[in-house]
Amino acid sequence: HHRAFAARVAWLEPGMAPYLSSLEYMRAHNWDEFLAAMNRSGLPSLNYLYADTSGNIGWAPSGLVPIRPTWDGLMPVPGDGRYEWDGFRSMDEFPRLFNPSAGWFGTSNEMNLPSTPGLIEKKLGFEWGDPARSKRQRQIFGGSNTFSVEDLIHTQTDITTVTGQRATALLAQISPPAEPHLAAAWEILRSWDHRAARDSAGSTIYNVWYNLHVRPLVVQQLVPTAVAPIVGQGDSEVILSLLEKPDQRLGPDPAKARDEILLAAFRSAIAQLDREFGTDPAKWQWGQVHQAYFEHPLAPVRPSESRQAWDVGPISKAGDNQTIGLSSWRSSDFRLTSGPSARFVTDVGDWNNSWACNTPGQSGDPRSPHYRDLFADWAHDRYFPLLFERDAVEESAEQRIQLIAVP
């Protein structure tokens, strides 16, 4: 329609070298120096966690946030001068947390800004992840236990889904279907341990039932038909909260309507599983369905016989969209689409007692033995020592790569 659109991005402003600013905060000696470095960062809005060798911990969300006096930046505006930025906010305006009374702090992309007066008006962020992983953190860390490095590795790769716990609890008061095949699948789901494990048929039934059938049915109930394609599966937390406490949005008898939605979604979910994977639930194991496959960007232009040398996978993967061990998948074929490619656990102060995993390897060269050698360990949540001190690194080094500047 003869219109041009332009996007202005804070971290592309002149002089910005966004992630290079990490060099300063990594050299900070204390909390005050860390915050000062944060205020000179040119990064997009991110959560930062702090720890030092004296046992202090902190949280410092930071980012380069423009001041928009007359609008919020969520929609296009006329480029006639009325909607220009008025500088950037000082990061001292961001919330800060130092040595919280709980003894720990975690973040999983959820909405975690406090309800401080005036904070919402500063428009520090609008888009947030599902809170399920954060709620799982509170289940794990909410007591008075202490945790070892090994415990934290298990936590990073945790595959218990709080959303699954809440969703399957809704089935307790519903009579199972009478048909034997459906009743058997119902029992698998009801007795599921809420872990998205490779050998779990319950995880597969849950993900197909709740994410691919329950959520769209609720959206159809709440949203006009013309808008439903835009909403898609809807917000999981909003939908689950409505199902737990049904109200007039579901009709004159909300509880009955809720139960009908859950049962109808279950029938259609099992029909989909029968159609795509056969009628034997033993073949519905999550690891058989949910797999990781890394396709090299140039693979489509490679001869078909050599593509496998560049692509990596497939391999089965535990976890799902709502576990701390995040392993998001696409609804068309359950293939992994996102999640942490690298994880780190560090013993602050005893830096050689640090551990990591990465995928698929440390080399980007398909000819290298290190192109894919970390892939299976990553998929199975196995970590390697992340050596820090020079002597330890030199002792374990296999190869030294020297970069030489050529005039």
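Just so you know, these numbers come straight off a predicted model, no measurement behind them. (Residues numbered from 1 in each chain as written. Predicted model: local features only at pLDDT ≥ 70, side-chain atom pairs only at ≥ 80, totals over all residues. Heavy atoms only, no water.)

Brief notes about the overall build of the chain
We count it as follows: To qualify as a helix, a DSSP run of H or I must reach at least 4 residues; to qualify as a strand, a run of E must reach at least 2; elements of each kind are numbered from the N terminus. Between buried and exposed lies partly exposed: a residue is buried under 20% and exposed over 50% of the maximum accessible area for its type, with that area taken using a 1.4 Å probe on protein chains only. Any pair of residues with heavy atoms lying within 4.5 Å of one another is described as a contacting pair. Where accessible areas are quoted, they stem from the Shrake-Rupley method and a 1.4 Å probe; at the residue level, only the protein chains shown are allowed to cover. Charge counting treats Lys and Arg as positive and Asp and Glu as negative, with His and both chain ends excluded. A charge is said to be at NZ when it belongs to Lys, at CZ for Arg, at CG for Asp and at CD for Glu.
Along its length, the chain carries 14 helices and 10 strands. In terms of its C-alpha atoms, the chain occupies a principal-axis envelope of roughly 75 × 60 × 55 Å. In the chain, which comprises 407 residues, the proportion classed as buried is 38%. Here the contacts in the chain between residues at least 6 apart in sequence split such that 61% fall between residues at least 24 apart. When the accessible surface of the chain is totalled, it reaches about 23,400 Å², and 53% of it is carbon and sulfur. For the chain, the distance from the average position of its 37 positive side-chain charges to the average position of its 48 negative side-chain charges is 5 Å.

Examining the sheet that holds strand β8 (residues 343-345)
Selection criterion: Strand pairing is defined by DSSP finding a minimum of two bridges between the two strands. The axes used here are C-alpha line fits, helices contributing only the stretch in contact, and every angle between their N-to-C directions lies in the interval 0 to 180 degrees.
Taken in spatial order, the 3 strands of this open sheet run β8-β9-β10, and their pairing is antiparallel. At either margin of the open sheet sits one strand with a lone partner, and together these are β8 and β10 (384-385). Pairing analysis gives 2 bridges linking strand β9 (residues 355-357) to β10, with the strands arranged antiparallel. Bridge pairing in β10 links A356 to F384. Running over the sheet, helix α4 (residues 149-156) touches β8 and β9 and is turned about 155° from β8.

Description of unusual backbone geometry
The omega angle of the peptide bond from G313 to P314 is 5°, so this bond is cis rather than trans. Look at the link from T359 to P360: it is a cis peptide, with omega at -5°. Tracing the backbone shows P360 in the loop between β9 and α13 (375-379). The phi dihedral of K123 falls on the positive side, at around 55°, and the residue is not glycine. If you trace the backbone, K123 turns up in the loop between β3 (97-98) and α3 (132-141).

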